[in-house]
Amino acid sequence: MIIISMLLFVNIIKLQVHRKIKGINMIKRFSFLLLVIPMIASAQLRVGLDAGRVPTLKAGDKEAPWATEPDGMAISFGYEKYLIGIVGVGAEYTLDLAEENTFNTAFVYGAARIPFPFPFIKGVVRAGYSMPGGDASDKFDAGTAFGFGLRAKLPFIPLGLEAQFMRHALVPNDKYDEFAKLTGDLEFFMNSINLAATLKF
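Residues numbered from 1 in each chain as written. Predicted model: local features only at pLDDT ≥ 70, side-chain atom pairs only at ≥ 80, totals over all residues. Heavy atoms only, no water.

Draft legend 1. Representation of the pairing of strand β9 (residues 159-172) within the structure. With two bridges joining them, strand β7 (residues 140-141) and β9 adopt antiparallel strand pairing. Across the sheet, the residue bridging to Asp-141 is Val-171, located in β9. Where strand β8 (residues 143-152) lies against β9, eight bridges are found, and the strand directions are antiparallel. Looking at the pairing, Phe-148 lines up with Phe-165 of β9. Direction of pairing for β9 relative to strand β10 (residues 187-200): antiparallel, over a ladder of 12 bridges. Residue Gln-164 lies in a different strand from β10, and its bridge partner there is Asn-194. (Pairing = 2+ DSSP bridges. Helix = DSSP H or I, 4+ residues; strand = E, 2+ residues; numbered from the N terminus.)

Below, the structure is given as structure tokens:
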């Protein structure tokens, strides 16, 4: 009888310990979800079109386009996640649709939302580093880039629209030394107007 009672006691203890461990695991999972869900809910995808791209040269206070016409169009794909409400990070890749002299960019940035006086509209500012790709990678290294614009989104609808101005600073690389020597202190920029659809999830 004593042995049976001890075995029952041990089994009861094991059962209670198992329940406690299971309860702790449930709390951990719940806490993890509480952290992850808001982060996922603050993320968004962006698909955009550069409606017009204009490369420019700047000398002192004067700036002029390289060409008399816009430099074609490009499509962009991006992912953004806001970490603390109005401040976030993101990455975007832009693919030039031109057949030659392509200027692709990989853009990594910090972003901020700015309250606007009109309902459902917010200002957006982005700033970071831009790595040229395509034919431009043979001439330029990574440089700074920034953009600003407006985003419109109705409540309870995940889709939104955004319009922004982007400006990439271009830094001639070692392969482009001869051109850099000829241009002296000239600064190079790629400017664009980007129209994008956003999907928040």
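Draft legend 2. View of the nonpolar core. Of all hydrophobic cores here, the largest spans seven residues; its members are Tyr-82, Phe-107, Tyr-109, Ala-111, Val-124, Ala-145 and Met-166. When residues no more than four places from it in sequence are discounted, the contact partners of Phe-107 are Gly-90, Ala-91, Glu-92, Arg-126, Ala-127, Gly-128, Tyr-129, Ser-130, Ala-145 and Met-166. Of all hydrophobic cores here, the second largest spans six residues; its members include Ala-136, Leu-170, Phe-188 and Met-190. (Core = buried A, V, L, I, M, F, W, Y, C linked by side-chain atoms within 4.5 Å. Buried < 20%, exposed > 50% of the residue type's maximum accessible area, 1.4 Å probe, protein only. Contact = heavy atoms within 4.5 Å.)

Draft legend 3. Structural detail: unusual backbone geometry. Of note in the backbone geometry, Phe-156 takes a positive phi value of approximately 70 degrees without being a glycine. Relative to the elements of secondary structure, Phe-156 occurs in the loop between β8 and β9.

Draft legend 4. Structural view of the packing of aromatic side chains. Tallied over the full model, the rule gives five aromatic pairs. With 5.8 Å between their ring centres and 55 degrees between their planes, Phe-140 and Phe-188 make a pair best called tilted. Of the two residues, Phe-140 sits in strand β7 while Phe-188 sits in strand β10, which places them 48 residues apart along the sequence. Using a relative accessible area of 2% as the deciding quantity, one classes Phe-188 as buried. An angle of 50 degrees between the planes, with centres 5.7 Å apart, marks the rings of Phe-148 and Phe-165 as tilted. Residue Phe-148 is found in strand β8, and its partner Phe-165 is found in strand β9; the two are separated by 17 residues along the sequence. Using a relative accessible area of 44% as the deciding quantity, one classes Phe-148 as partly exposed. (Phe/Tyr/Trp six-rings, centres within 6.5 Å; stacked < 30°, edge-to-face > 60°.)

Draft legend 5. Examining the pattern of salt bridges more closely. Enumeration over the complete set of coordinates arrives at six salt bridges. Among the ionic pairs, Arg-46 bridges to Glu-162, the shortest N-O distance being 2.7 Å. Within this pair, whereas Arg-46 is found in strand β1 (residues 43-59), its partner Glu-162 is found in strand β9, the two being separated by 116 residues in sequence. In this pair, the class of Arg-46 matches that of Glu-162, namely buried. Several salt bridges share partner residues, and in doing so they unite Arg-46, Glu-80, Glu-92, Arg-126 and Glu-162 into one network. (Salt bridge = Lys/Arg side-chain N within 4 Å of Asp/Glu carboxyl O.)

Draft legend 6. Highlighting a negative patch on the surface. Taken together, the side chains of Glu-99, Glu-100, Asp-135 and Asp-138 make up a negatively charged region of the molecular surface. Among the structural elements, Asp-138 can be located in the loop between β6 (121-133) and β7. (Patch = residues over 30% accessible without salt bridge, like charges linked within 9 Å, V, L, I, M, F, W, Y side chains within 5 Å. Areas by Shrake-Rupley, 256 points an atom, 1.4 Å probe, with all protein chains shown as cover. Lys, Arg positive; Asp, Glu negative; His and termini not counted. Charge placed at Lys NZ, Arg CZ, Asp CG, Glu CD.)

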